Amino acid sequence: MENAKSDVLIIGGGVIGCSIARELSKYQCRTILLEKDEDVCSGTSKANSAIVHAGYDAKTGSLKAKLNVQGNLMMEPLAKELDFDFKRNASMVLCFDKEDMPALQALYERGVANGVPGLKIISGEEARQMEPNLSDEVVSALYAPTGGIVCPFGLTIALAENAFENGVEFFFNTKVLEIVKNENGYLVKTNRGDFETTYIVNAAGVYADEFHNMVSEKKIHITPRRGDYCLLDKEAGNHVSATIFQLPGKYGKGILVTPTVHGNLLVGPTAIDQEDKDGTATTAEGLAEACEKATKSVKNVPFRQVITSFAGLRAHEDNNEFVLGEPEDAEGFFDAAGIESPGLSCAPAMGLYLAEMVAEKGKFEKKADFKATRKGIVKAAELSREERAALIKEKPEYGTIICRCENISEGEIVDAITRPLGARSLDGIKRRVRQGMGRCQAGFCTPRTMEILSRETGIPMEQICKNSNGSEMIRG
Amino acid sequence: MIQHDIVIIGGGPAGLAAAAAAKKGGADDILILERDGVLGGILNQCIHNGFGLHTFKEELTGPEYASRFIKIVKELGIPYQLNSMVIDINKEKEITVVSRENGLQVIKAKSIILAMGCRERPRGALNIPGYRPAGIYTAGTAQRLVNIEGHMVGKEVVILGSGDIGLIMARRMTLEGAKVKVVAELMPYSGGLKRNIVQCLDDFGIPLKLSHTVVNIEGKGRVTGITLAEVGPDRKPIPGTEEHYSCDTLLLSCGLIPENELTRNMGVSMNPVTSGPMVNDRLETDTEGVFACGNVLHVHDLVDYVSEEAALAGQNAAKYILYGASKTSGNGADAPRCSADAGICTGGSNGGTESSSAGACVAIRAENGVRYTVPQSLDPAAMAEKITVRFRVADVYKDRSICVYYDGKLISKKKKRVLAPGEMEQVVILKSSLAEYPDLKEITIRTEEES
């Protein structure tokens, strides 16, 4: 990496890293983003509840609260600017016991103090009128009209593509091994050579403590907190319309039931602290716990319609607070560490917050030619019949359906691969266009998609991967 | 709008046989819509032999069997459209189809034959815990990659589920040089045909572990191993029985699901047991002029029976076109028709809800070890001279009889040494046998233990 001398080097291509990259791309500075996997959105950002929280959870006055409420507000205009899926579907926190009402009231008051608009406490009856499948045991609920759901892949990829278009350089399969302070800033050693940079942004998710601790004596420790989820078929997607939380009570921390922005139903997560930072294996106990707790909130969840289950890791910092900004003893090193829930909701605001901090430090000037908008991949199935017919006439590859369940055409898959920062793996395609995310879970379309990926990229079939290196699909 | 008399959704074995029969039955304006680039459906990847013993009295491979029907369809001059994916069918029988060549078309049909086949149950639907690495394939996907695309999916293989495709793939992978370590089956019996267990497992020394399931999948990039455990009568893993297998591939053959998204969206009544539409003896759904056959109706073991069933659907679709709906019943325009939903009985034994009207319709009820029947009703006046009622049993039974009752009166009893869910059974109902029962309401098919 001869020329790899940057003003800012971002470690981590998750939603936070990409949000910071996109905000920094508004400035006249050279920004490089390093990602250890083959694509952005490969860690915590890809496996979470996909919720945009209203902002009543975090302690009033905390940065978490401020960024949450601000991030929630920013999400809607950002979704329009960058063309990703976001929906304000509202949320409810359920209370099952009259004795817990003071806690619900406290949550309401905290939300009001945090500046969350439209909050109200409703009766169990009112809640059931809005959500007929809610449990009969619900006595009261906190209703938050600003709660939302987002496609976390769509958001992260949109931020990355827009940052890329505005000049941020992305290096994939690039794992940071060592960080050395030098007179100009930092030398970052990776498996793909050395990078020189003036500033570092540490957005490495569950690994952020490792990089922080390379440069600072004020050690932090991040615990990967695993959450198991079940995703249900779109036929179950209307079971609830709002995101349904449980008020933490004597049965422990609750789990949520929510529609996803694409119309599936999501149930989870559990919370298991572990050491393994790649340990995204679900367990039978975890999946059973998620399902069992879900039935406390919502009646008759059709668990027979589960189409997949997965686990995600939250980057839980021991002090339970986001670690943002420069440590006292590591000038020019900016942490975005310990980003667990509501990290996804905060992402737009956190990107802005940290980018401004770095820009101020580096005295970067704003660019005149920043391009704020990005067009996503066309969703042929969502077009009107006339529009779809016209599209196929112009580009016949949109007439070849590859993924039957989600109705995804070859044109969309080719776009996912050939656009800037295009997909290089099956999961990369899946996260961009939902190929294989339907009820057959890629049974029919896997061979076809592998062929298209190989054809468009020149990657031989034997080297086509599900995601990172080592996940080859074929072994002869 | 483009119009056709009969549009057949799917150009696999069911669609092809239906098309040929409809044409021979006098229908002239037929179109087959096939989503793949060739006709023949899944048969194209089934390169093993064993097809056609009933239909052609010889043993053919899947592609050979398909090619016989493709030849007939071509000789009959039946038009077909390839690479054409039907994305919607509405109640007015307007079919929306998308293809590279023709763009987005809406085709209006007088009659539709549903022949979309089925899909495999994926890992996600089985809720197997563990990692989500590469190397987990449904058996059919692996079969396509190996047999059509020419790519081996792995070297050390564990197979979960003993459905026929899994058994066939155990042999196929072995012949291609892979080591198939074990086939595990959740149930205490195999879901596949006995002959496949003998020819695909026993002949190659591949162990079959009944009452076992996969309780963990390891490997962050590619599968590195799995853990099997024995399950109890509740089908839950028994702690302490875990056994580790290192492998790079896990194949799943855990059941087939009829692909009825289009059917459901058009509002056709479904049978929750078969996951297919409810049909009468003409294989007509409760939407007039819409017929179903093959694996979209219920999952078959043998393609020969698919062809036979599909031919019946094709003949009836042709009659519907030639004589119209009211006359297919043979009783004149005023006679009440036997609609498919009339056969739906309460009590859940054959799925669905109680019949509403329909006078001349006889419900066919599955009971006591018979899980379902296809069809679920018949019309004694209009029915063919004989109809075949197909069904599966709920468990492995030894020394039981298959009994047929007309309104509670025992009509026939056939002894069976072994009955198994993996083998489809059938009884034949003769029109002549119904003559003595003018007020017949219900035919019951049940298993009974030998006393």
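Values in this document were obtained by computation on a predicted structure and should not be read as measured data.

Student: Tell me about empty space enclosed by the protein, and please be specific about residues and values.
Tutor: Gaps left between atoms are located by rolling a probe of water-molecule size over the structure's atoms. This model, assessed by the stated rule, comprises three cavities of 30 Å³ or more. Estimated volume of the largest cavity: approximately 490 Å³. Lining the largest cavity we find 25 residues, and of these Gln441(A), Ala442(A), Thr446(A), Lys466(A) and Ile136(B) sit closest to its centre. For the lining of the largest cavity, the secondary-structure elements that each account for two or more residues are helix H11 (426–433) of chain A together with helix H3 (123–126) and strand E10 (136–138) of chain B. Taken together, the residues that form the lining of the largest cavity break down as 10 nonpolar, 10 polar and five charged. The wall of the second largest cavity is formed by Gly399(A), Thr400(A), Ile401(A), Arg448(A), Arg35(B), Asn83(B) and Met85(B). Taken together, the residues of the lining of the second largest cavity break down into two nonpolar, three polar and two charged.

Student: Go over the domain arrangement of chain A, please, and point to the residues and values.
Tutor: All names here are of chain A. Examined at the domain level, chain A breaks down into domain 1 (5–45 + 153–221 + 319–362), domain 2 (87–148 + 223–317) and domain 3 (380–463). On a C-alpha basis, the centroid separation for the pair domain 1 and domain 2 is 30 Å. Facing 15 residues of domain 1, the contacting portion of domain 2 comprises 11 residues. Summed over both sides, the interface of domain 1 with domain 2 buries roughly 1,200 Å², with 46% coming from carbon and sulfur. Among the residues domain 1 hides against domain 2, the three largest losses belong to Val206, His221 and Glu340. Together they make up 46% of the total.

Student: Let's hear about the sheet that holds strand E4 (residues 86–87) of chain A: which residues, and what values?
Tutor: Pairing between the strands of a sheet is mediated by backbone hydrogen bonds and can be parallel or antiparallel. Residue and element names in this part refer to chain A. Pairing within the open sheet is antiparallel, and its three strands lie in the order E3-E8-E4. Each having just a single partner strand, strand E3 (51–52) and E4 make up the two edges of the open sheet. As paired strands, E3 and strand E8 (residues 148–150) are joined by two bridges and run antiparallel to one another. Looking across to E8, one finds that isoleucine 51 is bridged to isoleucine 149.

Student: Please set out the packing of aromatic side chains residue by residue, giving values where relevant.
Tutor: Under the criterion given, the structure shown has 12 aromatic pairs over all chains. Through a chain of ring-to-ring contacts, the aromatic side chains of Phe164(A), Phe170(A) and Phe172(A) assemble into a single cluster. Stacked on the ring of Tyr186(A), the Lys or Arg Lys181(A) has its end atom at 4.7 Å from the ring centre. Taking the ring centre of Phe56(B) as reference, the NZ or CZ of Arg68(B) above it sits at 4.9 Å.

Student: Go over the sheet that holds strand E15 (residues 225–230) of chain B with me, naming the residues and quoting the values.
Tutor: Residues and elements named next belong to chain B. The three strands lie next to each other as E14-E15-E16, forming an open sheet whose pairing is antiparallel. Looking at the sheet topology across the chains shown, the edges are occupied by strand E14 (212–218) and strand E16 (243–246). Direction aside, neighbouring strands of the sheet carry axes that sit 30 degrees apart on average. Pairing of E14 with E15 involves six bridges; the strand directions are antiparallel.

Student: Give me the lowdown on the pairing of strand E6 (residues 84–89) of chain B, citing residues and values where you can.
Tutor: All names here are of chain B. Across the six residues of E6, five count as buried, placing the element largely inside the fold. With five bridges connecting them, E6 and strand E7 (residues 94–99) associate as antiparallel partners. Bridge pairing in E7 places methionine 85 opposite valine 98. Between E6 and the antiparallel strand that follows it, E7, lie four residues; lysine 93 among them carries a positive phi value of about 60 degrees.

Student: Can you break down the environment of Thr198(A) residue by residue, with the values?
Tutor: Residues and elements named next belong to chain A. Inspection of the secondary structure puts threonine 198 in strand E12 (residues 193–202). For threonine 198, a relative accessible area of 29% translates into the label partly exposed. Along the chain, threonine 198 and lysine 5 lie 193 residues apart, while their C-alpha atoms are 8.2 Å from each other.

Student: Account for helix H1 (residues 13–24) of chain B, naming residues and giving values.
Tutor: All names here are of chain B. When the terminal C-alpha atoms of H1 are compared, their 17 Å separation across 12 residues agrees well with the 16 Å that a helix rising 1.5 Å per residue should span. Where burial is concerned, most of H1 is hidden: 10 out of the 12 residues are buried. Buried within H1 we find Pro13, Ala14, Gly15, Leu16, Ala17, Ala18, Ala19, Ala20, Ala21 and Ala22. The elements touched by buried residues of H1 are strand E1 (2–9), strand E2 (30–33), helix H2 (62–75), strand E8 (103–114) and helix H8 (303–323). Looking one or two residues past H1, glycine 26 carries a phi angle of roughly 110 degrees, positive in sign.

Scoring rules and cut-offs
Residues numbered from 1 in each chain as written. Chains lettered and ligands numbered in written order. Predicted model: local features only at pLDDT ≥ 70, side-chain atom pairs only at ≥ 80, totals over all residues. Heavy atoms only, no water. 1 Å grid on protein atoms, 1.4 Å probe; cavity = no way out; pocket = protein on both sides within 12 Å on 5 of 7 lines; lining within 4 Å. Points joined across faces, edges and corners; volume = space filled by probe spheres on them. Helix = DSSP H or I, 4+ residues; strand = E, 2+ residues; numbered from the N terminus. Nonpolar A, V, L, I, M, F, W, Y, C, P; charged D, E, K, R; others polar. Domains from an automatic or database assignment. Contact = heavy atoms within 4.5 Å. Buried area = accessible area lost by both parts, 1.4 Å probe. Pairing = 2+ DSSP bridges. Phe/Tyr/Trp six-rings, centres within 6.5 Å; stacked < 30°, edge-to-face > 60°. Lys NZ or Arg CZ within 6 Å of the ring centre and 35° of its normal. Axes fitted to C-alpha atoms, helices over the stretch in contact; angles between N-to-C directions. Buried < 20%, exposed > 50% of the residue type's maximum accessible area, 1.4 Å probe, protein only. Expected span 1.5 Å × (residues − 1).

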